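Commentary on secondary and tertiary structure
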Amino acid sequence: MYKIAVLPGDGIGPEIVPEAIKVLEAVSRLYDIEFQYTEALIGGAAIDKRGQALPPETLELCYQSDAVLLGSVGGPKWDTLPAEKRPETAALLPLRKKLGLYANLRPAYLFAPLAEASPLKKEVVSGTDLLIVRELTGGLYFGEKKREKTVTGEVAYDTMVYTTEEIERIVRLAFTIARQRRRHLTSVDKANVLTSSRLWRDTVERLKNEYPDVTVTHMYVDNCAMQLVRRPDQFDVIVTENTFGDILSDQASVLTGSLGMIPSASIGGRVALYEPAGGSAPDIAGQQKANPLAMILSAAMMLKYSFKLDQAAAAVESAVDRVLAEGYRTQDIYSPGTKVVGTAAMGDLVRQELERETRWKKS
Ligand code: IPM
Ligand code: MG
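Concerning the domain arrangement of the chain
When the domains of the chain are assigned, the result is domain 1 (1–116 + 260–363) and domain 2 (118–256). At the junction of the two partners, domain 1 supplies 21 residues and domain 2 supplies 28 residues. Its largest share of buried area at the contact with domain 2, domain 1 owes to Y102, R106 and L110, together 31% of the area lost on that side. Taken together, the links from domain 1 to domain 2 amount to one salt bridge. Our enumeration of links across domain 1 and domain 2 arrives at eight residue pairs in polar contact (both at pLDDT 80 or more). Among the secondary structure elements, those contributing two or more residues to the side of domain 1 that touches domain 2 are helix 4 (87–98), strand 4 (103–109) and strand 11 (265–267).

Next comes the structure, spelled out in structure tokens:
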């Protein structure tokens with residue numbers, strides 16, 4: 001039996017999380033595995049009900065679980081709170097840090113039926129299959145920061161800081177993952193300007209000798225942003241620091257049709273965290289318009305990385321592929337000639353397809 005901490009959070013979180021659980025429940029029946037779900041508050045929802053974004057019982061539940069499934073945190077209601085209170089900086093970042101999740105894996109994979117869903121040309125996006133390995137517990141997000149008054153106004157700074165150890169562990173992980181894929185690693189930095197990037201690049205250069213079967217390319221982050229939308233098929237695994245990875249993963253989502261298509265796994269500690277790469281989307285929250293596929297695919301990553309249920313994970317992914325091939329779309333991935341369905345209906349379709357496919361395979 002696997003214990004899963006369920007943290008729906010804010011915005012579309014409470015709408016998409018139940019769809020992932022729906023699919024996990026089907027996996028449980030079909031593969032005869034038991035999941036136990038315990039829900040807890042996080043983010044704005046926790047601020048409203050408990051007075052803090054990451055209540056101690058939520059953190060404790062995560063420590064006691066085998067994996068954490070998270071919807072999303074944040075929204076306009078809490079945007080004006082100071083950093084030490086707001087959902088992003090008082091809940092999500094400390095949760096990642098406390099669980100030791102230094103690596104965030106964000107696959108940008110274009111499901112073939114969605115080639116028309118991207119605003120980019122079909123010839124450009126087709127064949128997109130890349131993985132961003134984002135460093136998650138260092139860099140600008142966690143470096144020393146300050147804002148203070150001066151004689152004339154204010155001064156504020158954030159520092160991008162990395163140690164050799166921090167770079168080594170994420171780069172080694174990226175090399176290992178590249179070995180299981182197409183064995184090409186692109187290390188993204190800004191070594192022409194930033195000192196931390198120069199340490200990053202030197203570290204990759206030193207480590208690459210240990211992985212002679214993996215080809216390495218160094219790329220400046222600005223160029224990478226351009227190459228991603230120009231010729232995405234040149235990328236297999238991208239490894240980069242926290243902030244660059246945050247930005248590039250949103251950009252890469254356009255290749256897949258929508259931000260609602262990028263799942264993520266935050267790993268590196270005993271308990272991993274699975275959350276869609278997109279945010280809380282307050283503009284569409286509560287309207288059954290959100291795309292639950294990134295959440296469902298995050299649950300598939302949980303099956304694979306936390307529970308080593310590779311076959312079940314692959315079955316979920318192929319169920320998603322078939323639902324898309326049948327022409328069902330949430331509004332964010334709509335293209336002419338397809339059928340728009342709501343959040344829960346999309347979850348039902350994936351569950352049904354999973355049940356059909358798995359039964360057929362078993363019989
Ligand atoms: C993400 C999000 C978060 C981040 C925010 C909500 C703090 O943008 O997971 O990409 O910047 O890491
Ligand atoms: Mg982001």
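Overview of the site of ligand 1
Neighbouring residues of ligand 1: E88, L92, R96, R106, R134, Y141, D246 and A277. In this structure, R106 approaches ligand 1 through a side-chain N or O atom, which is 2.7 Å from an oxygen atom. With three residues, the top contributor of residues to the shell around ligand 1 is helix 4. In terms of residue class, the shell around ligand 1 is built from three nonpolar, no polar and five charged. Two domains share the shell around ligand 1, each providing at least three of its residues, namely domain 1 (1–116 + 260–363) and domain 2 (118–256).

Quick word on the sheet that holds strand 3 (residues 67–72)
Pairing within the open sheet is mixed, and its ten strands lie in the order 2-1-3-12-11-4-5-10-8-9. The open sheet has two edge strands, strand 2 (35–39) and strand 9 (215–220), and neither has a second partner. Mean inter-strand twist for the sheet, computed between neighbouring axes without regard to direction, equals 25 degrees. Across two bridges, the pairing between strand 11 and strand 12 (residues 272–274) is antiparallel. Residue pairing for strand 12: S266 is matched across the bridge by L273. Here helix 4 sits on the sheet and contacts strand 1 (2–9), strand 3, strand 4, strand 5 (129–135) and strand 12; the angle it forms with strand 12, its principal contact strand, is near 145 degrees.

Here we look at the pattern of salt bridges
For the structure on display, the rule yields 28 salt bridges. The partner of D236 in a salt bridge is R182, and the shortest N-O contact between them spans 3.9 Å. Note that D236 is positioned in the loop between helix 8 (221–230) and strand 10 (237–240) and R182 in the loop between helix 6 (164–179) and strand 8 (184–189), a separation of 54 residues in sequence. D236 gets classed as buried once you look at its relative accessible area, which sits at 1%. For R322, the salt bridge goes to E353, with nearest N and O atoms at 2.9 Å. In this pair, R322 sits in helix 11 (residues 310–325) while E353 sits in helix 12 (residues 343–362), placing the two residues 31 residues apart along the sequence.

Description of the pairing of strand 6 (residues 145–149)
Where strand 6 and strand 7 (residues 154–158) come together, five bridges link them in antiparallel fashion. Note on strand 7: the bridge partner recorded for R147 is A156. Hairpin connection between strand 6 and strand 7: a loop of four residues separates the two successive antiparallel strands.

Remarks on the side chain of E357
With respect to the secondary-structure elements, E357 resides in helix 12. Judged by relative accessible area, which is 3%, E357 ranks as buried. Those residues in contact with E357 that sit more than four places away from it in its chain are A315, S318, A319 and R322.

Focus on helix 10 (residues 293–305)
Since the α-helix packs 3.6 residues into each turn, any two residues three or four apart lie on the same face. Compared with the 18 Å implied by 1.5 Å per residue over 13 residues, the 18 Å span of helix 10 between its first and last C-alpha is a close match. Across the 13 residues that make up helix 10, a large majority, eleven, are buried.

Here's the deal with the packing of aromatic side chains
Here the structure, examined in full by the defined rule, presents seven aromatic pairs. For the ring pair F35 and Y37, a centre distance of 6.5 Å and an interplane angle of 50 degrees mean the geometry is tilted. Since its relative accessible area comes to 7%, F35 is described here as buried. The class for Y37 is partly exposed, based on a relative accessible area of 26%.

Considerations on the pairing of strand 9
Where strand 8 meets strand 9, six bridges bridge the pair, whose relative direction is parallel. The residue of strand 9 that forms the bridge with T186 is T217. Since strand 8 and strand 9 lie parallel, the crossover through helix 7 (residues 195–207) that links them has a hand, and here it is right-handed.

Let's talk about the nonpolar core
With 92 residues, the main nonpolar core has L69 and L303 as its most contacted residues. Ranked by residues supplied to this core, first place goes to helix 1 (residues 13–31) with ten residues. Lining this core are residues from two domains, each supplying at least three of them: domain 1 (1–116 + 260–363) and domain 2 (118–256). Among all residues touching L303, those that are not within four sequence positions of it are L24, V27, F35, K308, L309, A312, A313 and V316.

Basis of the calculations
Residues numbered from 1 in each chain as written. Chains lettered and ligands numbered in written order. Predicted model: local features only at pLDDT ≥ 70, side-chain atom pairs only at ≥ 80, totals over all residues. Heavy atoms only, no water. Domains from an automatic or database assignment. Contact = heavy atoms within 4.5 Å. Buried area = accessible area lost by both parts, 1.4 Å probe. Salt bridge = Lys/Arg side-chain N within 4 Å of Asp/Glu carboxyl O. Polar contact = N/O pair within 3.5 Å; in protein donor to acceptor, adjacent residues only side chain to side chain. Helix = DSSP H or I, 4+ residues; strand = E, 2+ residues; numbered from the N terminus. Near = heavy atom within 4 Å. Nonpolar A, V, L, I, M, F, W, Y, C, P; charged D, E, K, R; others polar. Pairing = 2+ DSSP bridges. Axes fitted to C-alpha atoms, helices over the stretch in contact; angles between N-to-C directions. Buried < 20%, exposed > 50% of the residue type's maximum accessible area, 1.4 Å probe, protein only. Expected span 1.5 Å × (residues − 1). Phe/Tyr/Trp six-rings, centres within 6.5 Å; stacked < 30°, edge-to-face > 60°. Right-handed = clockwise from strand over helix to strand, strands pointing away. Core = buried A, V, L, I, M, F, W, Y, C linked by side-chain atoms within 4.5 Å.

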